[in-house]
Amino acid sequence: MPITKERNAAIFTEFGGKATNTGSIEGQVAQVTERIAQISAHLKENKKDFSTHRGLMQLVGKRKRLLSYLQKHNLAGYRALIEKLGLRK
């Protein structure tokens, strides 16, 4: 199930500053994290859905690349984002 327009706008407002700031790295990471959570819940019920599993792996790789970019260019923002999203322990 895709993310609704309202939820997408809320994510970018919370992490990117404005709902129209869809290019912010923080907002993109939060959006991908939301999609990863939805797909993970789907795969818990549908263990043999291999095409969705491939899509999940692609999203995880995309999030990893975005976080790597953010870490190189804005270390304080990177640390704040992973703390807010709860990605690292």
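Please refer to the structure placed before this passage.
Residues numbered from 1 in each chain as written. Predicted model: local features only at pLDDT ≥ 70, side-chain atom pairs only at ≥ 80, totals over all residues. Heavy atoms only, no water.

### Observations regarding the packing of helix 2 (residues 25-45) against helix 3 (residues 50-73)
Then step 1. One can describe the packing of helix 2 onto helix 3 by two numbers: an axis separation of 9 Å at closest approach and a directional angle of 155°. Considering their axes alone, helix 2 and helix 3 lie roughly antiparallel with respect to each other. By crossing handedness, the relation of helix 2 to helix 3 is classed as left-handed. Across the interface between the two elements, Ile-25, Glu-26, Gln-28, Val-29, Val-32, Thr-33, Arg-35, Ile-36, Ile-39, Ser-40, His-42 and Leu-43 of helix 2 pack against Thr-52, His-53, Leu-56, Leu-59, Val-60, Lys-62, Arg-63, Leu-66, Leu-67, Tyr-69 and Leu-70 of helix 3.
Then step 2. For the contact of helix 2 with helix 3, the residue count by class is 13 nonpolar, six polar and four charged. (Axes fitted to C-alpha atoms, helices over the stretch in contact; angles between N-to-C directions. Helix = DSSP H or I, 4+ residues; strand = E, 2+ residues; numbered from the N terminus. Parallel < 35°, antiparallel > 145°, perpendicular 65-115°, else oblique. Left-handed = near helix turned anticlockwise from the far one by under 90°. Contact = heavy atoms within 4.5 Å. Nonpolar A, V, L, I, M, F, W, Y, C, P; charged D, E, K, R; others polar.)

### Focus: the nonpolar core
If you look at soluble globular proteins, the nonpolar side chains tend to sit buried side by side.
Then step 1. With eleven residues, the main nonpolar core is built from Ile-11, Phe-15, Ile-25, Val-29, Ala-30, Leu-66, Leu-67, Leu-70, Tyr-78, Leu-81 and Ile-82.
Then step 2. Of all elements in the fold, only helix 1 (5-16), helix 2, helix 3 and helix 4 (75-85) reach the threshold of two or more residues within this core.
Then step 3. In contact with Ile-11, not counting residues within four places along its chain, are Gly-16, Gly-27, Ala-30, Gln-31 and Glu-34.
Then step 4. Judged by nonpolar contacts, the second largest core, of six residues, contains Val-32, Ile-39, Leu-56 and Leu-59. (Core = buried A, V, L, I, M, F, W, Y, C linked by side-chain atoms within 4.5 Å. Buried < 20%, exposed > 50% of the residue type's maximum accessible area, 1.4 Å probe, protein only.)

### Describing the side chain of Arg-63
Then step 1. Mapped onto the elements, Arg-63 comes out in helix 3.
Then step 2. It is Glu-34 that comes nearest to the buried, bridge-free Arg-63 among opposite-charge side chains, at 10.0 Å.
Then step 3. The residues touching Arg-63, leaving out its near neighbours within four places in the chain, are Val-29, Val-32, Thr-33, Ile-36 and Leu-87. (Lys, Arg positive; Asp, Glu negative; His and termini not counted. Salt bridge = Lys/Arg side-chain N within 4 Å of Asp/Glu carboxyl O.)

### Some remarks on helix 4
Then step 1. Regarding helix 4, the residues found buried are Gly-77, Tyr-78, Leu-81 and Ile-82. Buried residues of helix 4, seen end-on, are gathered within an arc of 125° and therefore sit on one face of the element. In helix 4, the exposed positions that point more than 90 degrees away from the buried face belong to Ala-76, Arg-79 and Glu-83.
Then step 2. Contacts made by the buried residues of helix 4 are with helix 1, helix 2 and helix 3.
Then step 3. Two residues or fewer past helix 4, Gly-86 is found with a positive phi of approximately 70°. (Arc of directions from axis to C-beta.)

### Looking at the pattern of salt bridges
Then step 1. Applying the stated criterion across every chain yields a total of one salt bridge.
Then step 2. Residues Arg-7 and Glu-34 are paired through a salt bridge, measuring 3.1 Å at the closest nitrogen-oxygen approach. Pair noted here: Arg-7 is in helix 1 and Glu-34 is in helix 2, with a separation of 27 residues, a long-range link.
Then step 3. For Arg-7, a relative accessible area of 37% gives the class partly exposed.

### Description of the packing of aromatic side chains
Then step 1. Overall, the coordinates contain zero aromatic pairs when judged by the stated rule.
Then step 2. A cation sits over an aromatic face here: Lys-84 above Phe-15, 4.9 Å from the ring centre. (Phe/Tyr/Trp six-rings, centres within 6.5 Å; stacked < 30°, edge-to-face > 60°. Lys NZ or Arg CZ within 6 Å of the ring centre and 35° of its normal.)

Keep in mind these numbers describe shape, not what the thing actually does.
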